[in-house]
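# Results of the structural survey
Spelled out from the first residue to the last, the chains are:
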2 protein chains.
Amino acid sequence: MKTAVSKKLDQKAEKLIKENNLSLTESRKNILGYLLKNHGPFSVEEIHNGLGNKACNLATVYRSIAQFENSNLVERRYLGDGILRYEYKDMKHHHHHIICRICKNVAKMKYCFVSEIEQMVRDKGYSDITHSLEFFGVCAKCKAK
Amino acid sequence: MKTAVSKKLDQKAEKLIKENNLSLTESRKNILGYLLKNHGPFSVEEIHNGLGNKACNLATVYRSIAQFENSNLVERRYLGDGILRYEYKDMKHHHHHIICRICKNVAKMKYCFVSEIEQMVRDKGYSDITHSLEFFGVCAKCKAK
DNA sequence: TTATTTATGCAAATAATTTGCAATTTTTAA
DNA sequence: TTAAAAATTGCAAATTATTTGCATAAATAA
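Residue numbering note: each chain is counted from 1, following its sequence as written. Both sets of labels track the order of writing: A upward for chains, 1 upward for ligands. With the structure being a predicted model, the display of local features is reserved for residues of pLDDT at least 70 and the display and counting of side-chain atom pairs for 80 or more, all residues being used for whole-chain, interface and lining totals. Note that the side-chain values use all heavy atoms of the structure and ignore hydrogens as well as water.

### As for the overall build of chain A
Comment: elements are numbered from the N terminus, with helices defined as DSSP H or I runs of at least four residues and strands as E runs of at least two. Scanning chain A from N- to C-terminus turns up six helices and five strands. Beginning at the N terminus, the succession of helices and strands in chain A can be written as α-α-α-α-β-β-β-β-α-β-α. When accessible area is computed with a 1.4 Å probe and restricted to protein chains, residues below 20% of their type maximum are described as buried, those above 50% as exposed, and intermediate ones as partly exposed. Residues classed as buried in chain A amount to 43% of the 145 residues present. Summed over all atoms, the accessible surface of chain A reaches about 8,200 Å², with 50% contributed by carbon and sulfur. Shrake-Rupley sampling with a 1.4 Å probe provides the accessible areas, and residues are treated as covered by the protein chains on show and by no other component.

### Notes on the protein's contact with DNA strand C
Nearness here has a simple test: a residue counts as near a molecule or strand if at least one of its heavy atoms is within 4 Å of that partner. As a structural note, the neighbourhood of DNA strand C is formed by 16 residues, with Leu24 and Tyr62 of chain A together with Arg28, Asn57 and Thr60 of chain B the closest of them. The sugar and phosphate moieties of DNA strand C supply 73% of its atoms located within 4 Å of the protein. One of the backbone nitrogen or oxygen atoms of Leu24 of chain A is found 2.7 Å away from a phosphate oxygen of DNA strand C. In the analysis that follows, any N or O atom pair within 3.5 Å is treated as a polar contact, provided that within protein one partner can donate a hydrogen and the other can accept it, and provided that, for residues neighboring in sequence, both atoms belong to side chains. The separation between a phosphate oxygen of DNA strand C and a polar side-chain atom of Tyr62 of chain A is 2.4 Å.

### Focus: the packing of helix H2 (residues 26–37) of chain A against helix H4 (residues 58–70) of chain A
Residues and elements named next belong to chain A. Across the interface, H2 lies against H4 with an axial gap of 10 Å and an inter-helix angle of 70°. Looking at the two axes, H2 sits roughly perpendicular to H4. In this structure, the crossing between H2 and H4 has a hand that is right-handed. Where H2 abuts H4, its residues Ser27, Arg28, Ile31, Leu32 and Leu35 lie against Thr60, Val61, Ser64, Ile65, Gln67 and Phe68. Looking at the contact of H2 with H4 residue by residue, the classes come out as six nonpolar, four polar and one charged. The axes used here are C-alpha line fits, helices contributing only the stretch in contact, and every angle between their N-to-C directions lies in the interval 0 to 180 degrees. Roughly parallel means an angle under 35 degrees; roughly antiparallel means over 145; roughly perpendicular covers 65 to 115; every other angle is labelled oblique. In a left-handed crossing the near helix is turned counterclockwise from the far helix by less than a right angle, and in a right-handed crossing that turn is clockwise. Any pair of residues with heavy atoms lying within 4.5 Å of one another is described as a contacting pair. By the convention adopted, Pro, Cys, Tyr, Trp, Phe, Met, Ile, Leu, Val and Ala count as nonpolar, Lys, Arg, Asp and Glu as charged, and the other residues, Gly among them, as polar.

### Structural notes on the confidence of the model for chain A
It should be kept in mind that the predicted coordinates are not to be read in detail where pLDDT is low. Scored by pLDDT, chain A has a mean of 82; 77% of the residues are at 70 or more. Values of pLDDT, which run from 0 to 100, indicate the predictor's confidence residue by residue. Ranking the elements of chain A by mean pLDDT puts strand E3 (residues 96–100) of chain A last with 67 and H2 of chain A first with 96.

### Re unusual backbone geometry
Residues and elements named next belong to chain B. Of note, Asn21 is a non-glycine position whose phi angle comes to about 60°, a positive value. When its relative accessible area of 71% is taken as the criterion, Asn21 is described as exposed. At Asn53, a residue that is not glycine, the phi angle is positive and equals roughly 70°. The residue Asn53 is located in the loop between helix H3 (44–51) and helix H4 (58–70) in this model. The class of Asn53 is partly exposed, set by a relative accessible area of 38%.

### Side note on the pattern of salt bridges
A pair is scored as a salt bridge if a Lys or Arg side-chain nitrogen falls within 4 Å of a carboxyl oxygen belonging to Asp or Glu. Inspection of the entire model under this criterion finds 14 salt bridges over all chains. For the salt bridge of Lys15 of chain A with Glu19 of chain A, the shortest nitrogen-to-oxygen distance reads 3.5 Å. Remark: Glu19 of chain A and Lys15 of chain A occur in helix H1 (residues 4–19); sequence separation between them is four residues, near one turn of the helix. Of the charged contacts in the structure, one is a salt bridge between Glu69 of chain B and Arg76 of chain B, with a shortest N-O distance of 3.1 Å. Of the residues examined, Glu69 of chain B reaches a relative accessible area of 24% and is grouped as partly exposed. Here Arg76 of chain B falls in the partly exposed class, since its relative accessible area comes to 29%. What emerges from the salt-bridge pattern is a single network uniting Glu75, Arg77 and Glu87 of chain A.

### What to know about the protein's contact with DNA strand D
In the neighbourhood of DNA strand D, 15 residues make up the surrounding shell, with Thr25, Arg28 and Thr60 of chain A together with Leu24 and Tyr62 of chain B lying closest. Counting only the atoms of DNA strand D that lie within 4 Å of the protein, the sugar and phosphate share comes to 73%. Between a phosphate oxygen of DNA strand D and a side-chain N or O atom of Thr25 of chain A, the distance comes to 2.8 Å. Within the residue set of the surface near DNA strand D, elements represented by two or more residues are H2 and H4 of chain A together with H4 of chain B. Considering each element in turn, the surface near DNA strand D owes the most residues, three residues, to H4 of chain B.

### Topic: H4 of chain A
Residue and element names in this part refer to chain A. Taking 1.5 Å of rise per residue, the 13 residues of H4 would be expected to cover 18 Å, and the 19 Å separating its terminal C-alpha atoms lies within 8% of that figure. Next to the buried residues of H4 lie H1, H2, helix H3 (44–51), strand E1 (74–78) and strand E2 (84–88). The distance from a side-chain oxygen at the start of H4 to the backbone nitrogen of Ala59 is 2.8 Å, and the residue carrying that oxygen is Asn57. One or two positions beyond H4, positive phi appears at Asn72, with a value near 70°. To estimate the expected span of a helix, subtract one from its residue number and multiply by 1.5 Å.

### Some words on the pairing of strand E2 (residues 84–88) of chain B
All names here are of chain B. Of all five residues that make up E2, four are buried, and the element is covered over most of its length. As paired elements, strand E1 (residues 74–78) and E2 share five bridges and run antiparallel to each other. Each residue of the ladder has a partner; that of Glu75, found in E2, is Glu87. Any two strands between which DSSP finds at least two bridges are classified as paired.

Here it is in structure tokens:
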């Protein structure tokens with residue numbers, strides 16, 4: 001069963017892949033579609049499972065993600081546990097995360113005023129600046145236990 | 001040749017190890033001493049090489065670093081390239097990094113006003129909050145090339 | 001000092017990621 | 001539209017970073 005929203009996001013995935021001059025394959029459509037429909041970040045394995053495992057090979061997920069990263073469609077996150085995760089890089093909704101050190105739940109933090117600091121970095125002579133900011137803490141639920 | 005400063009930092013390493021109730025071994029003194037004397041972050045392999053390789057086994061560096069992390073003496077950094085790095089956690093000099101995407105040079109950024117945001121995280125019910133903030137850009141040198 | 005606990009070296013085991021290569025799919029261009 | 005060229009995929013094997021088991025050695029406690 002494909003909802004209208006799901007279909008729309010599949011189309012968006014297709015559009016993004018073409019716009020970035022990547023060849024349009026089933027796997028890539030599925031992988032990027034998955035990231036558009038689900039709010040990550042996800043490990044490569046989670047994406048692979050999420051797609052149903054037989055959708056494509058794990059190596060293909062790695063390769064596709066690498067392409068998407070190069071094309072700036074996806075961004076890598078490191079949450080401190082030794083596993084890399086990826087999520088769709090939505091330019092219009094820049095955000096950060098709050099990760100519970102115990103249950104690993106990832107909450108979104110929409111507010112960001114790091115851009116003010118980026119100006120300082122720019123003043124030091126750097127260009128093409130990005131940043132990664134993650135918060136770690138113990139969430140209320142875990143604290144109560 | 002051991003300078004006075006170097007000797008002082010070795011003593012500091014020793015003190016820190018004892019204070020944290022870790023047994024005081026040659027390896028641990030060397031590893032923490034290295035992190036006190038050199039401004040990281042460093043990968044486990046870099047530390048191992050830095051100490052001269054025969055100083056101790058690579059596995060020992062991994063194990064010692066894990067201990068130091070638990071004792072909050074050392075903090076883990078992820079600079080986006082798939083390798084974990086570690087540096088001495090100097091409570092008195094909290095700072096962030098600016099990493100050149102090309103030459104990988106790591107510059108220190110002493111200024112930090114993320115603590116203001118931490119209050120927001122606290123307000124959401126999280127406790128024991130820490131954060132990780134890294135900037136990535138192309139440094140002036142690399143840009144000129 | 002001797003007993004007990006803890007750490008180390010070494011080699012083997014894991015786990016995540018990458019790669020080579022033949023087969024397949026996608027794109028290009030006639 | 002179709003044939004040729006280019007790029008991607010699956011699979012298995014290779015890498016790489018990290019962890020672990022276990023016997024030996026060193027550090028701490030009594």
